[in-house]
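# Results of the structural survey
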Amino acid sequence: MKVSDIIINCLEAEGVEYVFGIVGQETLDLADSLSKSNQIQFVNVRHEQGAAFMADVYGRLSKKVGVCLSTLGPGATNLLTGIANAQLDHSPLLALVGQASVERNHPESHQYLDIAKIFEPATKWSTQIMDSLNVPTIIRKAFRLSKMEKPGSVAIVLPENFLTQKIANRPLPINPLPETVPTTDIIKAACTLIQNRRKPFILVGNGVVRQDAVPEFHTFINTLQVPVAHSFMAKGVLEKEHPSNYFTFGFNENDKVLSGIQEADLLITIGFDFVEKLPKNWNEKKIPVLHIDTLPAEINEYYPAELECIGNIKKILQYLNQLELSTKSWIPFGNLKEEIMTAYQISDSQPKNKLLTIEHILHCIEHLTAENTIVISDVGAHKVSIVRTYQPKKPNRLIISNGLASMGIAIPGSIGAKLACPNDPVICITGDGGALMNFAEIETAKRLGLSFIIIVLNDSMLKLEVQQMVKLFGESYGVTFQNPDFVQLAESFGIKSLQAGSLDEFETALKETLQTLDEIVLIEVVMQS
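### Here's the deal with the overall build of the chain
Counting its secondary structure elements, the chain contains 21 helices and 18 strands. Taken over the C-alpha trace, the chain has a radius of gyration of 24 Å; the compact-globule value for 529 residues is 24 Å, and the two agree within 12%. Projected onto its principal axes, the C-alpha coordinates of the chain cover approximately 70 × 60 × 45 Å. A total of 529 residues make up the chain; the buried ones form 57% of that total. Taking all contacts inside the chain whose residues are at least 6 apart in sequence as the whole, residues at least 24 apart take part in 75%.

So this is what it looks like as structure tokens:
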């Protein structure tokens, strides 16, 4: 059996359903082996960046490793942004990258770059196969590392000359990842620490979602009855009406919850990833921290971890919930929760002025969609509004690129989301800048027969940069452009398209689309300046 067949057998053993990518000369044998698989569907995309974004979001939602494929040189470097995005957002991803035969690794050679070395800073592990007999071992290690907390990207570079070699190896056995928990003494010490403080404040991150610990988290906060704020990527861990919900923290400006955090005498961080926001931005007073996470704390002066509970977050919370924690029942000074809801426009009351703003659009989406709806946000000014205003009804129903903050993720990410969760409605919200970065992947989605909604916010500018430049310099430069006719562009791909120039028009278009969502529909929203 040739090595490329062994690779596909290993992927099948790991439960891979999709490989997203573009075939090149150096991966022809791998494509031939893929064509014989009854389990894995190859999704040929229009750009390698789109392939990596699809694998990223697929991995987040399926909790499997998303796999993407490219050839050498520019194919590989096109993957890099999506690979780095998955790494910083802790999505499990494996990149398979074709490479020139090993005899071309040393002299200057056409399209040759040391891809394993280029990918090193953007992955948990990046390696090149140097012996075909090691293929099963390398693939098993790659999947383990990718899924092991904290999850991330791994890359395997495949020299062309190895793929055709004949070997007799087979996939390695797959064993579950080991789980660790703190000692009983550490759990009791954490309980004592909480008991001895009057005003604990909980900051929760996406680790709680990754580790399926949301039910245990609810029990924990319902016992303590203390304020809770969540990171961008942890939205949905608490229902909007929960009395402990003080909504999102981590903004560069007007982070309203900070005044409440600063009243605390203990910060309990649960599954929080520093990549979302460094502690110096939310713990200027250097309040002591109880660190609950899968990995030890990254200590600095703004993160004085008084105690660390390291291991499986779900089990740690289960153990804490078994102890006799006392209710604290404190609320921050004043009417902080009401102030946050007003400032972030969280209230779901019908707008009186009916202006076509992103916040009013988000309320329409919130009112009209089912609780299993997945919303994917691209990056831009609308992302800030989404993480402030939009309240998903369940965790992991709002997908955001926050670690790398990559424009262009929303459209290809919607493909990954729909393949991971075929029975759930998917809504992509993108600005005109991000939309055109990977607009070609609409053809991929159409070819796959997928159905989801694309909302393009058309204001002919990079609005966040306009706002920042006007604030700094009084004017903006280099951040406006002209757009195509999005309706005609979408129709040229064979998908239905609507245009909304008012809030009523948008609400009508969304309502009608949701009732018969059996195809891709693009709604262009002409934003009011």
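### Side note on the environment of Pro173
Position of Pro173 among the secondary structure elements: in the loop between α7 (160-163) and α8 (184-195). In this structure the C-alpha to C-alpha distance between Pro173 and Cys10, which are 163 residues apart in sequence, comes to 9.8 Å.

### A few points about helix α21 (residues 503-515)
Here α21 is 13 residues long and its end C-alpha atoms lie 18 Å apart, about the 18 Å a rise of 1.5 Å per residue gives. For α21, every residue scored as buried is listed here: Leu503, Phe506, Ala509, Leu510 and Thr513. Seen from one end, α21 has its buried residues packed into an arc of 130°, which puts them on one side. Residues of α21 that are buried sit in contact with α14 (358-368), β15 (426-431), β16 (453-458), β17 (496-500) and β18 (521-526).

### Considering the packing of helix α10 (residues 214-224) against helix α12 (residues 313-322)
Taken N-terminus to C-terminus, the directions of α10 and α12 make an angle of 30°; their axes are 9 Å apart at the nearest point. When you trace α10 past α12, the crossing you get is left-handed. Only Lys314, Leu317, Gln318, Leu320 and Asn321 of α12 make contact with α10, whose side of the interface consists of Glu216, Phe217, Thr219 and Phe220. In terms of residue class, the contact of α10 with α12 is made up of 4 nonpolar, 3 polar and 2 charged.

### A look at the sheet that holds strand β6 (residues 153-159)
Taken together, 6 strands build an open sheet; the order of strands is β2-β1-β3-β4-β6-β5 and the sheet is parallel. Each edge of the open sheet is held by one strand with a lone partner, namely β2 (41-44) and β5 (125-128). Between one strand axis and the next, the sheet turns by 20° as a mean value, whatever way the strands run. Sheet topology places strand β1 (residues 18-21) next to β2; 4 bridges connect them, and they run parallel. Across the sheet, residue Val19 finds its bridge partner in β2, namely Phe42.

### Describing the nonpolar core
In terms of nonpolar packing, the biggest core is built from 83 residues, with Phe217, Phe220 and Phe506 touching the most fellow members. Apart from residues no more than four positions distant in its own chain, Phe220 is found in contact with Ile194, Ile202, Ile268, Ile270, Leu317, Leu320, Asn321 and Leu325.

### Structural notes on the packing of aromatic side chains
Considering all chains together, one arrives at 15 aromatic pairs under this definition. Both rings, one in Tyr18 and one in Tyr58, keep their centres 5.7 Å apart while their planes meet at 80°; by these two values the pair is edge-to-face. With Tyr18 in strand β1 and Tyr58 in helix α3 (residues 48-62), this pair connects stretches of sequence that are 40 residues apart. Neither residue differs from the other here; Tyr18 and Tyr58 are each classed as buried. An angle of 65° between the planes, with centres 6.3 Å apart, marks the rings of Phe201 and Trp330 as edge-to-face.

Definitions and cut-offs
- Residues numbered from 1 in each chain as written.
- Predicted model: local features only at pLDDT ≥ 70, side-chain atom pairs only at ≥ 80, totals over all residues.
- Heavy atoms only, no water.
- Helix = DSSP H or I, 4+ residues; strand = E, 2+ residues; numbered from the N terminus.
- Rg over C-alpha atoms; globule rule 2.2 N^0.38 Å.
- Buried < 20%, exposed > 50% of the residue type's maximum accessible area, 1.4 Å probe, protein only.
- Contact = heavy atoms within 4.5 Å.
- Expected span 1.5 Å × (residues − 1).
- Arc of directions from axis to C-beta.
- Axes fitted to C-alpha atoms, helices over the stretch in contact; angles between N-to-C directions.
- Left-handed = near helix turned anticlockwise from the far one by under 90°.
- Nonpolar A, V, L, I, M, F, W, Y, C, P; charged D, E, K, R; others polar.
- Pairing = 2+ DSSP bridges.
- Core = buried A, V, L, I, M, F, W, Y, C linked by side-chain atoms within 4.5 Å.
- Phe/Tyr/Trp six-rings, centres within 6.5 Å; stacked < 30°, edge-to-face > 60°.

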